[in-house]
Amino acid sequence: MPRNPELDLLHEQAKRSFGAKQAKFAELKIAREQTNAAYASLQLVRSEHDSAFAEMKRLREELDESSRNYDAVWGEYARLKESLSSRIDSLKAEANEEHRMMSECFDQASNEYGYGDRGLASSYSQDGHAHKANRDALNEEVSELCRELKAAREDAQWRAPKTDSSEYRAAKARFDQVKSRLDEA
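Residues numbered from 1 in each chain as written. Predicted model: local features only at pLDDT ≥ 70, side-chain atom pairs only at ≥ 80, totals over all residues. Heavy atoms only, no water.

What about the packing of helix α1 (residues 5–115) against helix α2 (residues 118–159)?
- Contact pair α1 / α2: the axes reach a minimum separation of 7 Å and the direction vectors enclose 165°. With respect to α2, the element α1 is oriented roughly antiparallel. Along this stretch, α1 crosses α2, giving a crossing that reads as left-handed.
- Among the residues making up the contact of α1 with α2, the classes are represented as 24 nonpolar, ten polar and 15 charged. (Axes fitted to C-alpha atoms, helices over the stretch in contact; angles between N-to-C directions. Helix = DSSP H or I, 4+ residues; strand = E, 2+ residues; numbered from the N terminus. Parallel < 35°, antiparallel > 145°, perpendicular 65-115°, else oblique. Left-handed = near helix turned anticlockwise from the far one by under 90°. Nonpolar A, V, L, I, M, F, W, Y, C, P; charged D, E, K, R; others polar.)

Take a look at the structure:
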């Protein structure tokens, strides 16, 4: 049987269409592979983003807790210092007054002794020693309050050291970097 040119033409067109279909299928397969790779990359970046966010959030909470503790401890110290400082100032004023009165008594005792009145000189001298004892007791109480204040400060420094935020800042920088990559993805 003779060959029909029309059938040959149709057969040739079918072969070309099949070849084009195969080429498009290969392109589709490549596009799917690229899409899957991009999706996997996006998921990886999302996972890194979530991890970086969780780390940053954890460090922020630690930083906030540390700051609250710092504020509480140093606030407590400030209240104690204010209380003790006013008491110390009051005691120092009393000690200064006792010292002034002691000096006056000893001066009077010296004057009376110089005038020959030894009985009155002895009385002034005893008063001067009493004022000296009072002054020394007040100064000792001031010293004790100062030691207490110093111990409270050392305790506050131990219980609430200055908050270091460098670890949080580094985690935030990592998060911002990953967030930028996620936005690009």
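What about the pattern of salt bridges?
- Under the definition given, this model contains 17 salt bridges.
- Here arginine 135 makes a salt bridge to aspartate 136, at a shortest N to O gap of 2.9 Å.
- The exposure class assigned to aspartate 136 is partly exposed, which follows from its relative accessible area of 33%.
- For aspartate 183, the salt bridge goes to lysine 179, with nearest N and O atoms at 3.7 Å. Of this pair, aspartate 183 and lysine 179 both sit in helix α3 (residues 166–184), four residues apart, which is roughly one turn of that helix.
- Residue classification places aspartate 183 among the exposed residues on the basis of a relative accessible area of 57%.
- When salt bridges with common partners are traced through the structure, they connect Glu55, Arg58 and Glu62 into a single cluster. (Salt bridge = Lys/Arg side-chain N within 4 Å of Asp/Glu carboxyl O. Buried < 20%, exposed > 50% of the residue type's maximum accessible area, 1.4 Å probe, protein only.)

A short note on the environment of methionine 102
- Note on placement: methionine 102 falls in helix α1.
- Methionine 102 gets classed as buried once you look at its relative accessible area, which sits at 8%.

Looking at the packing of α1 against α3
- At a minimum axis distance of 9 Å, the contact between α1 and α3 shows a crossing angle of 155°. In this view, α1 runs roughly antiparallel relative to α3, as classed from their interaxial angle. Taken as a pair, α1 and α3 cross one another with a handedness that is left-handed. Contacts between α1 and α3 involve Leu42, Val45, Arg46, Glu48, His49, Ala52, Phe53, Glu55, Met56, Leu59, Arg60 and Leu63 on the former and, on the latter, Glu167, Tyr168, Ala171, Lys172, Arg174, Phe175, Val178, Lys179, Arg181 and Leu182. (Contact = heavy atoms within 4.5 Å.)

Considering the side chain of histidine 49
- For histidine 49, the location among the structural elements is in helix α1.
- Setting aside residues up to four positions removed in sequence, histidine 49 forms contacts with Phe175, Val178, Lys179 and Leu182.

Considerations on α1
- When the terminal C-alpha atoms of α1 are compared, their 159 Å separation across 111 residues agrees well with the 165 Å that a helix rising 1.5 Å per residue should span.
- Here α1 starts with a cap whose side-chain oxygen sits 2.9 Å from the backbone nitrogen of glutamate 6, and that cap is asparagine 4.
- A positive phi of about 95° marks glycine 116, the residue just after α1. (Expected span 1.5 Å × (residues − 1). Polar contact = N/O pair within 3.5 Å; in protein donor to acceptor, adjacent residues only side chain to side chain.)

Comments concerning the packing of aromatic side chains
- Tallied over the entire structure, the rule returns three aromatic pairs.
- Ring geometry for tyrosine 70 versus tryptophan 74: centroids 6.1 Å apart, planes at 45°, classification tilted. With a gap of four residues between them, tyrosine 70 and tryptophan 74 both fall in helix α1, about one helical turn apart.
- A relative accessible area of 26% means that tyrosine 70 is categorised as partly exposed.
- Judged by its relative accessible area of 17%, tryptophan 74 is buried.
- Centroid distance tryptophan 74 to tyrosine 77: 5.4 Å. Interplanar angle 80°. Geometry classified as edge-to-face. Of the two residues, tryptophan 74 and tyrosine 77 are both situated in helix α1; the distance of three residues between them amounts to about one turn of the helix. (Phe/Tyr/Trp six-rings, centres within 6.5 Å; stacked < 30°, edge-to-face > 60°.)

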